[in-house]
Amino acid sequence: MGEETSAFKIRLHYLFVWTVGLAALCLSYKTYFNGSSIGSFLFLTIRISDPSSIQIDKILSLLLGLFSFCFLIRQNKIFAIIISVFLFTHALLSSYNGGEFMAQYTIWAHAVRWLAPLAIVFLIGENLKNKKFGFTLLRWGIGITFITHGAEAIASHPQFMDLILNFQIQYLNMFMSESEVSGMLFAIGAMDILVGAITLVRPQREILLWMSFWGGITAFSRVPTLGAYYGGIEFLLRAFHVGVPVFLAFNIKSFEKINQLIGQERGESKMSLKTRFLLPARLTFLGLLLIGMSFTAYGQDYHDNLKHIRVVFGKRPASNAKIMFSSTRKLEKKVLYYDTVKRSGQLSAYKHKVNFNNSGNYFFSRERHHYKHLGKLKPKTNYYFTIVADGVQSKEYYFTTIPKSFKEAKLFFGGDSRSDRKQRQTMNKLLKQLFEADDSIYALVHGGDYVENGGSYKLWKQWLDDHQLTVRDDGRVLPIIPTRGNHEIIKAMFNDIFASPGDGENYFTTHIGDL
């Protein structure tokens, strides 16, 4: 029986080694053909030419593949360290480069990838303290990875949303709404955070086996969605999520025995002073980590109760418009004053005074949106307005309705403003310059993909903040004609941001004269 157990542990050890080696080989293959965060960093930050960055990236990918192959043949510490350094650098620069939803946390989402080969360095050999430390690295790697993925799921990561939506449509012949998928992800995320936290504090075999099973399911979900070839590569890249928990689960007793032997060598009792200190310290660190991730998913920065003032055009921008703004709390009184003559904010001088009668919370947020639909407007006419919300008055803004003839109107057209906020701000400043130089520009037609995750109000708030950069110095607002893209995954949020365009159906035809 003892020999069978020993043989099983040996096979398990080689399974773990092959998990690390194959995953590293797959990353080498993927980065060779598709590039990596290292190449992007060299080009975007270091300013190395594009051809040189690509060449360096390919050379590094080939070296990773070579060392990974050598590692599979012989488990050498040097090979393991090189693999760990490459995977760590790849994760770190992915966090630095950004460009994707929650990209800044890639280094934690990939923690098990770069900690697993490093753990092998300490597991090789007979030193008990090194083995204990290697086990700890694996435990923390898989725990932090699950917690980070849990936070991403709770925040309705667009890739996770797409995986579930595509799978259930293609293979289950059913359709779940976006809000239902978001609720499912919230439950999945909470479970991931829970099992990750348990693993950090006190790992349990049953929990680790569940992590391996669930890690396999989520990794394999790429195969039916992306196809056998590309999906298979993505699956093998996530082999850590399967192999590491299995290795830990079937070696828990071995490492408990190692802990006892180390304790006996030191003459420590089972519950030493160090042990008593470590448990609350770990719990404190875990609590801070979870709090930080909560702010990542839902963190909001509250300023005032009269912001994000904007104008939305829909079906007939020559005669209709919606004026919108945001607040940090529920408002008792919200009044819009407007006129076709400049009034410089003198309330009694405005011809029209109406209440904002459409308000509500932004999707999954405490902040609120407010809008007023204005109809029977005159084409090619300036409309000056100011807003008073619970005694706070905005400055005077104005917008211009579109002419009856399309030949007299110019429109900005653009989209995909989700990836790089600094570039988005730069483009908005350029739009402002062009807008100020040409009065015949009437609106911005946005083609969709405003933010990376259309269900995150934090990202939408940044977009709304940045859109204020298009307001001219004389107060003229650049109206938006919104189009919903595939990243606007939450219909309710899109309706909240743009006052239910198309009567909430999110599709409509904009009429400008005979166009």
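Residues numbered from 1 in each chain as written. Predicted model: local features only at pLDDT ≥ 70, side-chain atom pairs only at ≥ 80, totals over all residues. Heavy atoms only, no water.

**Topic: the nonpolar core**
- Grouped together as the largest cluster of nonpolar side chains are 55 residues, with contacts concentrated most on Phe16, Phe71, Leu138, Phe240 and Val244.
- Apart from the residues lying within four places of it in its own chain, the contact partners of Phe71 are Val17, Val20, Gly21, Asn76, Phe79, Ala80, Ile83 and Ile120.
- Grouped together as the second largest cluster of nonpolar side chains are 28 residues, Phe313, Phe325, Ile387 and Ala389 included. (Core = buried A, V, L, I, M, F, W, Y, C linked by side-chain atoms within 4.5 Å. Buried < 20%, exposed > 50% of the residue type's maximum accessible area, 1.4 Å probe, protein only. Contact = heavy atoms within 4.5 Å.)

**Observations concerning the environment of Gly215**
- Position of Gly215 relative to the elements: it lies in helix 10 (residues 205-220).
- Once the C-alpha coordinates of Gly215 and Val242 are considered, the two residues, 27 residues apart in sequence, prove to be 5.6 Å apart.
- Filtering out sequence-adjacent residues up to four positions away, Gly215 remains in contact with Phe146, His241 and Val242. (Helix = DSSP H or I, 4+ residues; strand = E, 2+ residues; numbered from the N terminus.)

**Some points on the packing of aromatic side chains**
- Evaluation of the coordinates by the stated rule reveals 28 aromatic pairs.
- With a centroid separation of 4.4 Å and an interplanar angle of 20°, the aromatic rings of Tyr362 and Tyr457 are classed as stacked. One end of the pair, Tyr362, is in the loop between strand 5 (358-361) and strand 6 (368-374); the other, Tyr457, is in helix 17 (residues 457-467), and 95 residues separate them in sequence.
- Judged by its relative accessible area of 1%, Tyr362 is buried.
- Tyr457 sits in the buried class, given a relative accessible area of 3%.
- Aromatic side chains Trp460 and Phe498 sit 5.8 Å apart centroid to centroid with 85° between the ring planes, which places their arrangement in the edge-to-face category. Here Trp460 is found in helix 17, whereas its partner Phe498 is found in helix 18 (residues 491-498), with 38 residues between them in sequence. When sorted by exposure, Trp460 lands in the same class as Phe498, which is buried.
- Joined through ring pairs, the aromatic side chains of Tyr29, Tyr32, Phe33, Tyr229 and Tyr230 make up one cluster. (Phe/Tyr/Trp six-rings, centres within 6.5 Å; stacked < 30°, edge-to-face > 60°.)

**Considering the side chain of Asp466**
- Relative to the assigned elements, Asp466 resides in helix 17.
- A distance of 3.0 Å separates polar atoms of two side chains, one belonging to Asp466 and the other to Arg421. (Polar contact = N/O pair within 3.5 Å; in protein donor to acceptor, adjacent residues only side chain to side chain.)

**What about the pairing of strand 9 (residues 397-400)?**
- The alternating pattern of strand 9 places Tyr397 and Phe399 on one face and Tyr398 and Thr400 on the opposite face, and all of these are buried.
- Pairing geometry for strand 7 (residues 382-389) and strand 9, over 4 bridges, is antiparallel. Note on strand 9: the bridge partner recorded for Tyr384 is Tyr398. (Pairing = 2+ DSSP bridges.)

**Focus: unusual backbone geometry**
- For Asp449, which is not a glycine, the phi torsion comes out positive at approximately 60°.
- Among the secondary structure elements, Asp449 is positioned in the loop between strand 11 (441-446) and helix 17.
- Phi angles above zero are rare outside glycine, and Ala499 is one such case at about 60°.

**Points about a nonpolar patch on the surface**
- Judged by side-chain polarity, Tyr29, Phe33, Leu226, Tyr229 and Tyr230 come together as a nonpolar surface patch covering roughly 570 Å² of accessible area.
- Taken together, the elements giving at least two residues each to the nonpolar patch come down to helix 1 (2-34) and helix 12 (228-237).
- For Tyr29, a relative accessible area of 35% translates into the label partly exposed. (Patch = residues over 30% accessible without salt bridge, like charges linked within 9 Å, V, L, I, M, F, W, Y side chains within 5 Å. Areas by Shrake-Rupley, 256 points an atom, 1.4 Å probe, with all protein chains shown as cover. Salt bridge = Lys/Arg side-chain N within 4 Å of Asp/Glu carboxyl O.)

**Some details on helix 16 (residues 421-437)**
- Under the 1.5 Å per step criterion, the end-to-end length of helix 16 is 24 Å for 17 residues, consistent within 8% with the ideal 24 Å.
- The set of residues buried in helix 16 consists of Arg424, Asn428, Leu431 and Phe435. Buried residues of helix 16, viewed axially, fall in a sector of 55°; they line one side. Away from its buried face by more than 90 degrees, helix 16 exposes Lys422, Gln433 and Ala437.
- Where helix 16 is buried, its residues meet strand 10 (410-414), strand 11 and helix 17. (Expected span 1.5 Å × (residues − 1). Arc of directions from axis to C-beta.)

**Focus on the pattern of salt bridges**
- By the definition in use, this model includes 17 salt bridges.
- Asp390 is the salt-bridge partner of Arg329, the closest N and O atoms lying 3.2 Å from each other. Of this pair, Arg329 sits in the loop between strand 2 (321-327) and strand 3 (334-339) while Asp390 sits in the loop between strand 7 and strand 8 (392-393); the two residues are 61 residues apart in sequence, bridging distant segments of the chain.
- By relative accessible area, Asp390 is classed as partly exposed at 28%.
- Ionic pairing is found between Glu452 and Arg418, a salt bridge with its closest N-O pair at 2.7 Å. Of this pair, Glu452 sits in the loop between strand 11 and helix 17 while Arg418 is found in the loop between strand 10 and helix 16, placing the two residues 34 residues apart along the sequence.
- In this structure, a network of salt bridges that share partners links the residues Asp439, Arg472, Asp474 and Arg476.

**Points about the packing of helix 16 against helix 17**
- Viewed as axis vectors pointing N to C, helix 16 and helix 17 meet at an angle of 25°, and their least axial separation amounts to 9 Å. Taken as axis vectors, helix 16 and helix 17 run roughly parallel relative to one another. Of the two possible hands of crossing, helix 16 and helix 17 adopt the one that is right-handed. Counting all contacts with helix 16, which are made through Arg421, Arg424, Gln425 and Asn428, the residues of helix 17 involved are Gln462, Trp463, Asp465, Asp466 and His467.
- Of the residues belonging to the contact of helix 16 with helix 17, the class tally is 1 nonpolar, 4 polar and 4 charged. (Axes fitted to C-alpha atoms, helices over the stretch in contact; angles between N-to-C directions. Parallel < 35°, antiparallel > 145°, perpendicular 65-115°, else oblique. Left-handed = near helix turned anticlockwise from the far one by under 90°. Nonpolar A, V, L, I, M, F, W, Y, C, P; charged D, E, K, R; others polar.)

**Focus: the environment of Arg484**
- With respect to the element layout, Arg484 can be found in the loop between strand 12 (480-482) and helix 18.
- Judged by relative accessible area, Arg484 falls into the partly exposed class, the value being 25%.
- Along the sequence, Arg484 and Gly447 sit 37 residues apart, while their C-alpha atoms lie 7.2 Å from each other.
- Here the side chain of Arg484 touches Glu488 through a polar contact of 2.9 Å, landing on its backbone oxygen.

**Focus on helix 10**
- Between its terminal C-alpha atoms helix 10 stretches 22 Å, which fits the 22 Å expected from 16 residues at 1.5 Å a residue.
- Among all positions in helix 10, only Leu208, Met211, Ser212, Trp214, Gly215, Gly216 and Ala219 are buried.

**Regarding the packing of helix 6 (residues 111-123) against helix 13 (residues 240-249)**
- Contact geometry of helix 6 with helix 13 gives a least axis separation of 11 Å together with a crossing angle of 40°. As for how helix 6 packs across helix 13, the hand of that crossing is left-handed. Only Phe240, His241, Val244 and Phe247 of helix 13 make contact with helix 6, whose side of the interface consists of Val112, Arg113, Ala116, Pro117 and Leu123.
- The residue makeup of the contact of helix 6 with helix 13, split by class, is 7 nonpolar, 1 polar and 1 charged.

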